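# Breakdown of the fold
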Amino acid sequence: MLTPAQQETYQKDGFLILSGLFSPEEIALLFSVATDDTVTGNSFDLNDQDGKKTKLTLWFTAGDDSFGLMSRCQRIVNSVQSLLGSGEVCHFHSKIMQKQPKVGGAWEWHQDYGYWYKNGFLFPEAMISVMLALTDATKENGCLQVLKGTHKMQRFEHSFVGEQQGADLDFVTEAERISELVYCELKAGDVLFFHPNLLHRSEANLSEKPRWSVISAYNLSYNKPFREKSTSCITPVEVVRDEAILASGMRKVSAADFLVKEKEITLNVK
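Along each chain, the written sequence defines residue order, and numbers are assigned to residues from 1. Reporting of local features is limited, given that this is a predicted model, to residues whose pLDDT is at least 70; pairs of side-chain atoms are given and counted only at 80 or more, and all residues count toward the totals for whole chains, interfaces and linings. Each side-chain value is derived from all of the structure's non-hydrogen atoms; neither hydrogens nor water enter the calculation.

For the chain, an unreviewed UniProt entry supplies the name Phytanoyl-CoA dioxygenase family protein and the organism Algoriphagus aestuariicola.

Here it is, written out as structure tokens:
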């Protein structure tokens with residue numbers, strides 16, 4: 001469980017970084033799964049406003065594969081519970097972000113709840129995103145940028161920017177004026193927890209090095225969406241021991257519910 005000081009940091013800033021939460025051995029195993037055809041073969045692109053492609057693979061059910069064990073392990077679920085408070089923790093989805101050298105596109109300023117609002121979730125405070133760095137994330141290869149404390153501004157209007165949902169630029173400009181910009185540079189194995197209303201973005205990867213990460217989103221079971229069809233987000237997770245990731249060896253993602261781009265709700269709901 002997180003310390004009171006860590007919980008206070010999250011509530012105040014809208015994000016929290018835990019360094020070295022996953023070992024080099026665990027990261028090596030997870031990266032080998034991430035680069036397998038079962039993941040890359042189920043990826044799709046979302047164009048940014050310049051036409052550069054942001055590639056990701058998303059699935060809903062957390063199974064017994066290596067990433068399912070990662071998203072259900074004690075150190076993650078207990079931390080999520082500490083930050084969300086009482087209620088049953090559920091796995092909404094996981095997605096592997098594949099920002100390749102020179103070609104990986106940008107993510108525009110947005111809030112995750114700018115997307116999830118369109119999925120029909122009513123309570124943003126019952127949700128959270130958890131990013132695990134599979135490779136080092138730096139300014140040069142397009143690490144996540146956040147505007148500290150903007151989660152307290154609640155949800156901004158979002159509209160299409162390329163194929164992405166971007167926050168209202170007038171409000172973003174004002175938020176930039178009064179909020180500290182933080183580059184969330186991470187080492188492989190570091191974990192970033194962030195609030196669904198925290199404004200964040202990332203620049204295109206113009207470096208020679210890839211930036212890969214996995215983001216697992218969580219929800220408390222009482223927060224039932226009226227548009228989302230997957231029931232994973234209201235099904236309490238079955239927590240596994242931290243040791244299960246390495247003990248189980250390399251297990252390819254076996255999800256039967258990979259997201260197909262054409263069925264992405266936020267591309268079809270204005």
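Further remarks concern the sheet that holds strand β12 (residues 200–202). Pairing between two strands is assigned when DSSP locates at least 2 bridges connecting them. For helices the rule is a DSSP run of H or I covering at least 4 residues; for strands it is a run of E covering at least 2, with both sets numbered from the N terminus onward. Strand order in the open sheet formed by four strands is β5-β12-β7-β10, and the pairing between neighbours is antiparallel. Sheet topology places β5 (107–110) and β10 (181–184) at the edges, where each strand pairs with a single neighbour. For this sheet, the mean angle separating the axes of adjacent strands, direction not counted, is 20°. In this structure, strand β7 (residues 144–147) lies alongside β12, joined through three bridges in antiparallel fashion. Bridge assignment links Gln 145 to a residue of β12, and that residue is Arg 201. With axes taken as lines fitted to C-alpha atoms, and helix axes fitted only over the stretch in contact, angles between N-to-C directions fall between 0 and 180 degrees.

A word on the nonpolar core. With 41 residues, the main nonpolar core has Phe 22, Phe 67, Val 80, Ile 128, Leu 132, Leu 134 and Phe 193 as its most contacted residues. Apart from residues no more than four positions distant in its own chain, Leu 134 is found in contact with Ile 27, Leu 30, Phe 31, Ala 34, Phe 67, Ala 188, Trp 212, Ser 213 and Val 214. In plain words, nonpolar cores are sets of buried Ala, Val, Leu, Ile, Met, Phe, Trp, Tyr and Cys residues tied together by side-chain atoms within 4.5 Å. Buried residues are those whose accessible area, probed at 1.4 Å on protein chains only, stays under 20% of the maximum for their type, while exposed residues exceed 50% and partly exposed ones sit between those limits. Core analysis: the next-biggest nonpolar cluster, separate from the first, contains 30 residues, Leu 144, Val 146, Leu 186 and Leu 198 among them. Whether two residues are in contact is decided by their heavy atoms, any of which lying within 4.5 Å being enough.

Our focus in this paragraph is the layout of surface pockets. Taken as a whole, the second largest pocket spans an internal volume of roughly 210 Å³. Classifying every residue of the lining of the second largest pocket gives three nonpolar, six polar and three charged. In this analysis a 1.4 Å probe is tested at points of a 1 Å grid over the protein atoms alone, and where it fits but cannot get out there is a cavity; an open set with protein on both sides within 12 Å along at least five of seven lines is a pocket; lining residues have an atom within 4 Å of a point. Grid points are joined across faces, edges and corners, and a volume is the space filled by probe spheres set on the points. Classification used: nonpolar for Ala, Val, Leu, Ile, Met, Phe, Trp, Tyr, Cys and Pro, charged for Asp, Glu, Lys and Arg, polar for all others including Gly.

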